[in-house]
Each structure stands twice: as C-alpha cells, then as structure tokens.
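# Overview (structure and organization)
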Number of protein chains: 4
Amino acid sequence: PHSATLLIHCQDRQGLVSRITDFIARNNGNIIYLDQHVDAQKQVFFMRVEWELESFAIPAADIADQFRQELAEPLAMHWQLHFSDETPRMAVFVSKLPHCLFDILARCQSGEWNIDVPLIVSNHPDLKPIADRFGIDYYVLPITPNNKQEQEAEQRALLARYNIDFVVLARYMQILSPEFIDHYPERIINIHHSFLPAFPGAKPYHSAYARGVKIIGATSHYVTSELDAGPIIAQDVVHVSHRDSVEDLVRKGRDLEKLVLARAIWNHTQRKILSYDNRTVIFD
Amino acid sequence: PHSATLLIHCQDRQGLVSRITDFIARNNGNIIYLDQHVDAQKQVFFMRVEWELESFAIPAADIADQFRQELAEPLAMHWQLHFSDETPRMAVFVSKLPHCLFDILARCQSGEWNIDVPLIVSNHPDLKPIADRFGIDYYVLPITPNNKQEQEAEQRALLARYNIDFVVLARYMQILSPEFIDHYPERIINIHHSFLPAFPGAKPYHSAYARGVKIIGATSHYVTSELDAGPIIAQDVVHVSHRDSVEDLVRKGRDLEKLVLARAIWNHTQRKILSYDNRTVIFD
Amino acid sequence: PHSATLLIHCQDRQGLVSRITDFIARNNGNIIYLDQHVDAQKQVFFMRVEWELESFAIPAADIADQFRQELAEPLAMHWQLHFSDETPRMAVFVSKLPHCLFDILARCQSGEWNIDVPLIVSNHPDLKPIADRFGIDYYVLPITPNNKQEQEAEQRALLARYNIDFVVLARYMQILSPEFIDHYPERIINIHHSFLPAFPGAKPYHSAYARGVKIIGATSHYVTSELDAGPIIAQDVVHVSHRDSVEDLVRKGRDLEKLVLARAIWNHTQRKILSYDNRTVIFD
Amino acid sequence: PHSATLLIHCQDRQGLVSRITDFIARNNGNIIYLDQHVDAQKQVFFMRVEWELESFAIPAADIADQFRQELAEPLAMHWQLHFSDETPRMAVFVSKLPHCLFDILARCQSGEWNIDVPLIVSNHPDLKPIADRFGIDYYVLPITPNNKQEQEAEQRALLARYNIDFVVLARYMQILSPEFIDHYPERIINIHHSFLPAFPGAKPYHSAYARGVKIIGATSHYVTSELDAGPIIAQDVVHVSHRDSVEDLVRKGRDLEKLVLARAIWNHTQRKILSYDNRTVIFD
C-alpha cells in the first residue's frame, strides 16, 4: 500500500493531535495530509490523517492492531483505517431515470474514479440496456407492498455475493426498510432532488414550482431510517426564474443531481467523511 | 417624465402583445424595454413595457385614462402605470440588528438608489444613533402583547403622515397583524434569514446548524398574512462547512441578507415585479 | 410542424415589435414565447418569437417567403426561421479526453436532448470504444503540420456526407483553420477550460494554479478565426483553494466543462442564441 | 490574552506537526484550532494553530522567545505570533466611490469587526462627509505626476503617526510606488473590480462588456509592485446577461467588491492568511 488514512473521532482532550502525529512520526511515517476539527459545543475531536507507507516502520497488516493498543483503546476512539490501494466496490440502485447512472458509469469507465461497479439493482427493467452497454450485471427486483421483505432479502444477498462495500441510490424510487438500512450504516448514499430540508419526499420540483422559489437544489446524504433526514454530505443549487416551468426545473435539476451525487461518492471513497450526530465532517 | 412603465397581467389571449405595442407605437412612443411572460399552465399573460415619453402623443397625465379605455377595461387587465421621475418613499422597520439598515442607508445616501427614506420605525431604541447619523426620523414603538393594536395604529398613522409608498422590514423581529398587512398589499418587503421554505420562523441559523446543511440562504419576499409564506422576490445562498459554528452562519448570513434584501428593493422600485398566485414574475 | 421560431436582428426603429407580432396575430398564430432586446448603444434590435402553427393561416413551407416579403426585406432584417419538428444533426470532434463526449452521448441517448449525433471525428483512436458503445461512426484523422489541409478537407467532406448542421469541439485539441471556420459561421461550438478571457490557449489549469486564483471556470463559445476569442455562449465557475493541486483543478474543471458545454448545445439547438458584434444574446 | 495564534511556514520535513503540537501540549495549552497544509510540489509546510492561554505555562510575553529558541530557529521557520486581544489598526485609502468605504465603516461601527479605523486618506475631498459622519480623520492628498513622491512621504508619515497595522485600498484610484509598497509587505489589501487575471488595469467593466462575458468578478489581493498581480486573497463572481449594460455591470459589481474586500479584511485580521510564492494559503 502506498499510503494509509486514519479517520478518528473521540471526546476532545489536550494533546490528541500531538499523540497521534507522534505515533506516525516515531514510526517514520511522512504525513502528507492532516486535517482536524473540534466541535467546540459537543467537545468532540475529529481528525483525518494520511501518511506514506514507504518507509513506515510498522507493516501495513499490523498498523490497525498497534494503533488500537497504543491509542485507540486508551483514548476511547472511534476510528477507521484505509489503504490507498484498496478499490471500493459500489452497487448502484436505480429505477427509470438514467442521468445519474450514466454519469457514474462514465466516471468509472473513463478512469476518473477508481471504483468498481459490479452490480446494478433496479425495480424496473428500463435501464438494463445501459448496464449491458457497460457490461455490468443488472438485476430487476420489482417491489410491491407484498414482496418488499423478500426482495430486500434478495438485494442483501446480492450485495453480499458481489462483495459490495457501499450502495448508491441513483434516483432509486423505493424506500428501503429500516432493517436494510441498519445493515449498511453510513454505507448507503442517496441523492434527493431538492435542497433539504426543503421539499422532502416525493415530487420536490413540483413543490418548488408551486412555492415560487428562485433557487432549486439537490442534496446527497447518508440514508438513515428517517426519510430524507440522514447526514448531509453535499448540496448545491441553481438559480431559476418565473420563466422556468416544472419541466425546466426537472431539466436543470438533473445536472445538479449528477454533480451533487458525484461529489458525495468522491468524498466517501476518498475517505474524507466523518459522520457524527447526524452531521458530517468533510475534510476536502 | 422621461419614461413610462406599464405592468400588466390578464388572461392570455391571442394578439395581446400586438395590441399593447400598437397602442404605444401609434402614439409615437419609442419602446426601450419590453418583456412578457405567459404562464402556460394557468393561461395568464404578464408584460412589462417601458417607453420614452419625449415625443409621446398622449400627455403623461392622460395616459392612464386612455390606456384604461382602449385596452385595460376591454381586456380585463390588472395594470399599474409608473413614471421614471417619481421617487419612491420607503419606511424601514428595524429591531436591534444594524447590518441591513446600514446597507440600505448607504445605498440611498451614495446615490446608488433613487429612493427617499424619511422614516425609520423600531420596537427598540438601539439603532437610533444610526438614524441620527443619517438625519432620518426614528420612532420607537415597543410592542407588547397588550399594546400591539395601538402601536400598529400609530405605525400606520406614521406611514400616512410621511406619505410612504412601501415598507421594508430590515430584520424587524415582530409579526405584523393581518389587518396591517392587508393595508399594504405587495408593499411590504421582508428579509428572512433562511432559504425558504426551509427553516421558517425563529432562529433559522440554529436550525440550519442542527440539521447540518452545507448551504445557507436568505429570502426576500412580500409579506402576506401567512408567516414567511408570501411571494418570493429573491434568494441567494452561500456554502458552509462543518468548520462553521452557529456564529459563523450568522456572520456569513448577514452578507446574504443585505444582498438579497437590496435586490428585492431594487426590483420593486424599478417596477420589475409582478405578483400572481403567490409567485413573482421578475423582469430583470 | 408544431411551432415556429423566428430569430431576428436589425437596426432598431419604432414599432418593430408591433409589426412582427401583428404579422403573427393577423395570421391566427398564438405566440407562446416572445423575448426582445435592444442594444441601446448600437441601436440594434433583437427578437425571438415562437408561435403555435396549428391554426396558423400560412402553411409552414410558405412562412419564410411571406415573412421575407412583408417584413424582412422592407426592414432589412437578419433572420432565421426554425421549426420545432426539425432534429438538428451534430458532429462531435474529440481528442483523448472522454468526459464531454460521454456527457453529450448520455444526454442524446437518454432522450434529454432531441439531437442526432451520427458522426464523431478525432485526431486519435483513443475514444473509439465509446463511439462503438453508442453505435456512432468514428473517424480517426490524425493531424500533422503537413497534412492539416487534406485532413480538414476530409473532415468537411464527412460533415457534408453526414448532413451535419453544427459541430461541437468536445476538448478537441487541434486549432481549425480560418477556412474551415468560415464555412460554419456560428455553427462550431467550443468548450475552453478556463474563464475566458483569463488563460486562453494551452494548459489553463496550470496557469490558474500558478497564478493562485480562488475560482476556476469554463467557457463555451462559437469558434471564430481568432483563438478562444469568439462570442461567449455560457460560462460557469467553481471555487478552489490552496488545497487544490493542478490535478484537483483538472478534476473539478471537468464537471464545469461538461455543464457549460451542455448549456451551449442546449441553447443553440433550442434556437435561443443570436450572435452580434462578437457577443451573444441568449434568450433563456 | 485569551488565545494565541501561530502562523508558520518552512521547508517540509517529517514530524513538524508533532513537534509543534507537542510544544503547546507540554505547556498545558489547549489547541482550539489547527490547520496545516503541505505544498507537495515545492515541499513547503504551512500551519496555523490557535490555543487557549488560560492555563498555558508560558507567560504571553515570553512565548515568542521560547518558540523561537525551541523550534523556529532550529527548524528555520518563518512565523508570526498573534494574540486575540490585539485590535488591529486599519487605514482606508479611497478616491471618489463610497460603497466599499461605507461597507467597511458599517462593519466596524456595528461591532461585526473588531478593527480600529482611525484614518482615511484620499486624493479627493468627495468622501469627507462620510468620514465626518463616522468621526474619522480624513486627509486629502491629491496626487499629480509632480508631487507623488512628497505625497507618499506624507501618507507614510500619517500611517506611522496613527500607528497603522495595515492599509486597505477601497477603490483607491492611484498606483502606489514600489517604495511605498515595499514598506508594507502583505499589509496592503486592494480590491480590483474584475476576475483577475482577466481585465487588469483601468475600466474592467467596460472591457468585460466589450468581450461579452457571461460572468463578472471581483478580486482582493495583497499589493505588490506589479500592478494587479499580487497574491489573491478572495474572489467572487456574479452571472450577467446581454440585458446588462455597462452601468448594470458597475452596479452588480459594487456588491461583489464590497463582499470580496470584506472577506479579505476578515481573513487578514483573523490571521488566517499565509502568503508564499505569490499565492495565499487561507485557513478558513
């Protein structure tokens, strides 16, 4: 592995940065990126540190153990360790709208992202031709009020079989059950086509039009069991005017959705996100 | 008068633009600005047309009558006629926060805006020194649950005495009664310190922080009897991050509030706003 | 044809809007969109008007002739007439970078745009697999200092053979000759990866990094014989910081390029652009 | 003093963060903010660290000496030490345009900024009434080709007499001599009314109009002897259209100038800026 990244959060106390960076420096690691943040109100400490492994004294396979013993357990840290040579495996859930899917696959295919997408799941067959075009397995699992439980079991089996690290809901028009969501904490990313918390739920562009807003937005967030209320990862907006019909909002919103979802996926796979208390810390 | 501006809305039908521009052309008026809009869904026609009066065949004082007879009444138009040599008279209502007031007065004083501000009304004495500095009358009318009706009567008497055309609520922290509002339809402009409809009501920056949004906004709108629900005139936003405390949001929001309120005042006094069905058409 | 659109510019004079809208109204056309603009400095009048053809008295095939006789020739107008049932035919020129090409093809393929793309031309073979994936003819015409004239002749033959209406340079890294450009006035759209007029020419992201700008941009424009100096159609920007390396600028810029080029193509094919005096009027 | 802030840059090497934070932690300082950055290309290390002084073992007056001995000299650091209880003293240079001056004074007066403005210098008497209104000394020093040297000597004498820490050029329309500039390195902030490096020099709004750009901008930067080429601190932009005349660009640009200059002053006085190699590192 070329570099290692630690994501840490714990109760704030004096000397944390010093102790963590000393652990790396003492073992001959060269820090190439360090960012920390303290939530002064809640007294929580957050840190992302990335260092080169070339001359690091601890073998990659032993870093986790040693860090746990020396620092993580004594200081009651929540932490993750990632290596830059891992390629994350992503599943995409879609319904009928192709724009986010196309954008994701183009980024992966062109080498812009170092992400594997072995699996696409949909409740409709419509986008199968796109999956075929990119050579990706596409499963149609229609959801009805009666079969939701079995279909979700099937989805979870697919995620396990394909060894999936995280799921992206690319305008997937079904609500996942809390059971499903609980199995993938901070590992399901959704794109919602409004500037949350304005216009949660269905048909936000219609609501935005009816309210006469002058700006529309899109929001990517981790999925939690409360609908459209999970930790926000990225948001962006575009100005609109009275000239814009609902169809124009939909059209302009599509580009926002693509961008805002792509930023979330980028930051997630670059290990730049820490989630805490339904908020995100994004070290970008 | 140098130029005249007509703001028109009515049910859409064929030939409206042709008939209105013909009225102006036939009387030797030179159109310097024309914008029209059709709400295709509701079949409503909107138009703003401005023309030079120099060689116009109809004297300024007679234009309203003649337009009413020839077009407005036969076609059941809602319309306003304004002349460019009128200077609008604005009252500013404030509480304790000075930033919007300062910004407004600086724009008027420096000649950026051609608006008279003869009157400032507040429920607190705090900003009187600013009014004094700019030589503007400042009335302190504290509001309690018991005296609201009398104080509003006093406010309305002041608006009448000072011959006020429209009122700006520059972070005025009191809710006006429906009776007050009804007297000034589309003549009271408020600045709300959030991206409506997200976070209406009190303490939106605290709510935005708690929700963990990545963008905050400000909204200027005409005041209607439903709180923070009137026709939106302008909105703008700024990106924020996990590093921003509530105090940072307040600080960044101040600049937004100033800008977004100023845009509303500008468009209002430039007669660029038509309001319909709780939405605005802004010909800018 | 469902609707017709006229794009007009000519010297400004009184009564133009009235005469044009009267032409449409008299023949029983229902105007669904009208926008006009006067360049007060140069006294030039611009107009875009779109009307429904359903009950229009003049057959579609005769509109051009009749408009020419009645209005265009007497008033010395420059004008174009378009019908909404025409599908424009676009050729894409590329080199090695896939992101704009992917974005364009995804929009066409998904039905977001009603544009035919029968032809892709490149000076490199690299992107042929994408063309194959979308079933589009791809021609490799490498350019050297010695063969440029012949290769451009070949390109022009292809454009003729494929009946191409307009050309998009989607990060095509060759400079077209003035002769080539002159054959397609306002029919070649380029995306330049900077906020023009800052950083024209090669390697703008490197220049932006070296200058330490806090914002980077992208610019789409019609190609003229002066490099990167043609009429600007759309621009957009994104904030950057000291944390962004040149590679980050390239990555963030890619998304801008896609968006800004897509907006130009949309406005061009929606017939919303008038070009005059090296500037554009965009009726959006 | 409530807190101390160190701004450091030096050649990058292993263990820097560890050694600096250890210095603070060992002396019982609680770090409330730490940000660091490495310019990987040039191998330069940048850091801003702020810590509470309440229980800090080293008296405020001795911190500089001790830091110099222990770390700064051994590691060849460039560094500044600031205390949060210092109030910076700012001089404002103006010509005839009031909007930036008004905005600055309103922010200081309302307590938004903790900055003293004891001195305004101008080459014109026009804005003296504003200075009077805020009770600030205003000196008129007209500049001609013949008297520039003496007038600059007089300006420098004023800066010394008023004990000024840094100078803001708030649309000051004179070019300062290199001698003047050399006396205040990274202590003179200018606002330029374009998106640099586009449109340096005079009349950028006219140039922007002539070029037909779709976005205009403003840039704040430290003044260096090369005109409009110093390290950029902040930039922002606003979209414009064919409808905007030069006067509209000037009007819209005014708001940008105010905001972008204010952000630079805020970051400068919050000690968030490090300048290196004609670029800025902004820890915001």
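The model shown is predicted, which means the values in this text are computed figures rather than measured ones.

Criteria and thresholds
- Residues numbered from 1 in each chain as written.
- Chains lettered and ligands numbered in written order.
- Predicted model: local features only at pLDDT ≥ 70, side-chain atom pairs only at ≥ 80, totals over all residues.
- Heavy atoms only, no water.
- Domains from an automatic or database assignment.
- Contact = heavy atoms within 4.5 Å.
- Buried area = accessible area lost by both parts, 1.4 Å probe.
- Salt bridge = Lys/Arg side-chain N within 4 Å of Asp/Glu carboxyl O.
- Polar contact = N/O pair within 3.5 Å; in protein donor to acceptor, adjacent residues only side chain to side chain.
- Helix = DSSP H or I, 4+ residues; strand = E, 2+ residues; numbered from the N terminus.
- Nonpolar A, V, L, I, M, F, W, Y, C, P; charged D, E, K, R; others polar.
- Least-squares fit on C-alpha atoms with pLDDT ≥ 70 in both.

### A few points about the domain arrangement of chain A
Residues and elements named next belong to chain A. In terms of domains, chain A is made up of domain 1 (3-83) and domain 2 (89-282). A separation of 31 Å is found between the C-alpha centroids of domain 1 and domain 2. Listed per partner, the contact involves twelve residues of domain 1 and nine residues of domain 2. For the pair domain 1 and domain 2, the two sides together bury roughly 980 Å², of which 65% comes from carbon and sulfur. Among the residues of domain 1 in contact with domain 2, L7, F46 and R48 are the three that bury the most area, contributing 42% of the side total. There are one salt bridge connecting domain 1 and domain 2.

### Observations regarding the interface of chain B and chain A
Often the size quoted for an interface is simply the accessible area lost on bringing the parts together. Residue-level contacts link 35 residues of chain B with 35 residues of chain A. Together chain B and chain A conceal approximately 3,100 Å² of surface at their shared face, both sides included; 52% is due to carbon and sulfur atoms. The largest contributions to the chain B side of the interface with chain A come from R211, H242 and R279 of chain B, which together make up 25% of the buried area. Linking chain B with chain A are two salt bridges, by the criterion used here. Close ionic contact of D35 of chain A with R243 of chain B constitutes a salt bridge, the shortest N to O distance being 2.4 Å. Here chain B is connected to chain A by 18 residue pairs in polar contact (both at pLDDT 80 or more). For the side of chain B that touches chain A, the elements supplying multiple residues, two or more each, are β2 (30-39), α7 (204-211), β11 (232-239) and β13 (279-282) of chain B. Residue contributions to the side of chain B that touches chain A peak at seven residues, all from β11 of chain B. Residues that form the side of chain B that touches chain A fall into these classes: 17 nonpolar, ten polar and eight charged.

### Here we look at the environment of S207 of chain D
Its location among the elements puts S207 of chain D in helix α7 (residues 204-211). Counting along the chain gives 47 residues from S207 of chain D to A160 of chain D, while the straight-line C-alpha distance between them is 38 Å.

### Focus on the relation of the copies chain B and chain A
For the pair chain B and chain A, the superposition axis carries a translation of 0.0 Å, the fit reaches an RMSD of 0.0 Å, and the rotation angle comes to 180°. Interpreted geometrically, this transformation is the action of a two-fold axis. Taking C-alpha positions as the reference, the residue of chain B nearest the rotation axis is A198 of chain B, at 2.3 Å.

### Focus on the relation of the copies chain C and chain A
The transform that puts chain C on chain A rotates by 180° and translates by 0.0 Å along the axis, for an RMSD of 0.0 Å. A high fraction, 100%, of the interface residues of chain C reappear at the interface in chain A, so the copies pair face to face through one surface.

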